[in-house]
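Topology and contacts: notes
Here is how the chains run, residue by residue.
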Amino acid sequence: MNIEELANPSVLTQPVYEPGKPIEDVARELGLDPEGIVKLASNENPFGASPLAVKAAKKALKGVALYPDGGCVRLRAKLGAFHGVEPRQVVVGAGSNELLELLGHVFLRPGDEALMSECSFAVYKLVALLFGARPVEVPMVNFTHDLAAMAAAVTERTRLVFVCTPNNPTGTFNTEEEVLAFARGLPGHVVLVLDEAYGEFLEKRPDFLQLVREGRNVICLKTFSKIHGLAGLRVGYGIAGAGLAGLLNRVRQPFNVNAVAQAAAAAALDDRKFVEKCARKNRRGLAQLRRGFRKLKVESVPSAGNFILAKVGDGARVFAELQGRGVIVRPMGGYKLPEWVRVTVGTPSQNKRLLRELEAVLSGMAG
Ligand SMILES: *Cc1c(COP(=O)(O)O)cnc(C)c1O
């Protein structure tokens, strides 16, 4: 018997997430030295992680024969104190991606609708489909979530609404006032998921937790993968009412967050200097890329994240040619933006290299 006939049919139609290519894969395929390859494809922190987090991770390695703290008690206490909420309002996941899946587990049934902006984080749609729900994608205005149109698209079947701000992959954000008004206008049968993976990169950081304090059906998702530079350890968290957090805790696996990740995340949270330094360097990097793109007559979308969309013409081809030159970016065809690529903000020298290779690629294509 064909093994696929044994599978749940919804698995066979499930699309697969396409991650940014690892440096090692590109080096092997192209016969290049991995040292010479620059990866600006997955919005990782080009400055690495806080040294305090790395030190804590090394220390935790000594205890890996034991299961981790299944309840993430210490980390949740720290996160609660940091955000001014109770520990039982915090749920920790193996990346905030795991929490997105847990939200599907808890709230989505076949036939339900999950509302999202078109051109937002690909995982929202994948989660909806995984649980047999219908992803409803609302067009953007100026690469930005159209919250009025999203409010109008809510139906009786809507269960989850995803708002990502700053938004991946467009880099745009919605203001605090806008998001608060949108959240306060949602009906009671809807849960709002505010994905703040890039929140720390904003110069003026919004306070969406006031929605949680008001007792609304809202969860704020945050991650250690981006500004904290711990993408490889997989740890993210959500803050919500104790009821909502409790439901997510009920469906997660007992030891979903490993011991090294818990220790590193706790230390990373304490290193505010590192976070602020990375935010500042990122803003300078964004300015460097904007200037460089302008010089090349390449349009870009003003970004509040650690990445930027650039209109390069044939995005798939520019992606492939840049990769051949050892610079990995992200093509945007899957987001229905075939003329664009998304570039993660790198170190000053990585940004310079990207701009140099892009100039060569574009002049080669023109000639
Ligand atoms: C990177 C990212 C995340 C976080 O992913 P992790 O699973 O925490 O690594 C969540 N949402 C968006 C929009 C992202 O870009």
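Definitions and limits used
- Residues numbered from 1 in each chain as written.
- Predicted model: local features only at pLDDT ≥ 70, side-chain atom pairs only at ≥ 80, totals over all residues.
- Heavy atoms only, no water.
- Pairing = 2+ DSSP bridges.
- Helix = DSSP H or I, 4+ residues; strand = E, 2+ residues; numbered from the N terminus.
- Axes fitted to C-alpha atoms, helices over the stretch in contact; angles between N-to-C directions.
- Expected span 1.5 Å × (residues − 1).
- Contact = heavy atoms within 4.5 Å.
- Domains from an automatic or database assignment.
- Salt bridge = Lys/Arg side-chain N within 4 Å of Asp/Glu carboxyl O.
- Polar contact = N/O pair within 3.5 Å; in protein donor to acceptor, adjacent residues only side chain to side chain.
- Buried < 20%, exposed > 50% of the residue type's maximum accessible area, 1.4 Å probe, protein only.

**A word on the sheet that holds strand S4 (residues 134-138)**
Spatially, the seven strands line up as an open sheet ordered S2-S8-S7-S6-S5-S3-S4, and their pairing is mixed. Of all the strands in the sheet, the pair left with one neighbour each is strand S2 (90-93) and S4. For this sheet, the mean angle separating the axes of adjacent strands, direction not counted, is 20°. One ladder, built from four bridges, connects strand S7 (residues 218-223) with strand S8 (residues 236-239); its direction is antiparallel.

**Observations regarding helix H13 (residues 272-295)**
Over its 24 residues, H13 extends 35 Å from the first C-alpha to the last, a length consistent with the 34 Å expected when each residue adds 1.5 Å. Lining the buried residues of H13 we find helix H4 (51-61), strand S9 (299-300), strand S10 (307-311), strand S13 (340-344) and helix H15 (348-366). Looking one or two residues past H13, Lys297 carries a phi angle of roughly 60°, positive in sign.

**Quick look at the domain arrangement of the protein**
Taken domain by domain, the protein holds domain 1 (3-36 + 273-366) and domain 2 (51-271). A separation of 24 Å is found between the C-alpha centroids of domain 1 and domain 2. In this complex, domain 1 contributes 25 residues to the contact, which on the side of domain 2 involves 27 residues. Applying the counting rule to domain 1 against domain 2 returns two salt bridges. Note that Glu203 is salt-bridged to Arg283, the shortest N-O span being 3.8 Å. Run the count over domain 1 and domain 2 and you get nine residue pairs in polar contact (both at pLDDT 80 or more).

**Here we look at the sheet that holds strand S12 (residues 330-331)**
Taken together, four strands build an open sheet; the order of strands is S9-S10-S13-S12 and the sheet is antiparallel. Either end of the sheet is taken by a strand with one partner, and the two such strands are S9 and S12. Sheet analysis places S12 next to S13, joined by two bridges and oriented antiparallel. For Pro331, the partnering residue across the bridge sits in S13 and is Val341. With respect to the sheet, H13 is in contact with S9, S10 and S13, its orientation differing from that of S10 by roughly 5°.

**Points about the side chain of Asn282**
Take Asn282: it is sitting in helix H13. Here Asn282 falls in the buried class, since its relative accessible area comes to 4%. Each residue touching Asn282, except ones within four places of it in the same chain, is listed here: Phe201, Gly305, Asn306 and Val345.

**Focus on the pairing of S10**
Extensive coverage of S10 is indicated by the burial of four of its five residues. Where S10 meets S13, five bridges bridge the pair, whose relative direction is antiparallel. Across the sheet, the residue bridging to Leu309 is Arg342, located in S13.

**A word on the environment of Cys278**
With respect to the helices and strands, Cys278 occurs in helix H13. For Cys278, a relative accessible area of 3% translates into the label buried. Between the alpha carbons of Cys278 and Gly229 there is a distance of 9.6 Å; along the sequence they are 49 residues apart. Ignoring anything within four residues of it in the chain, the contact list for Cys278 reads Asn45, Phe47 and Ile227.

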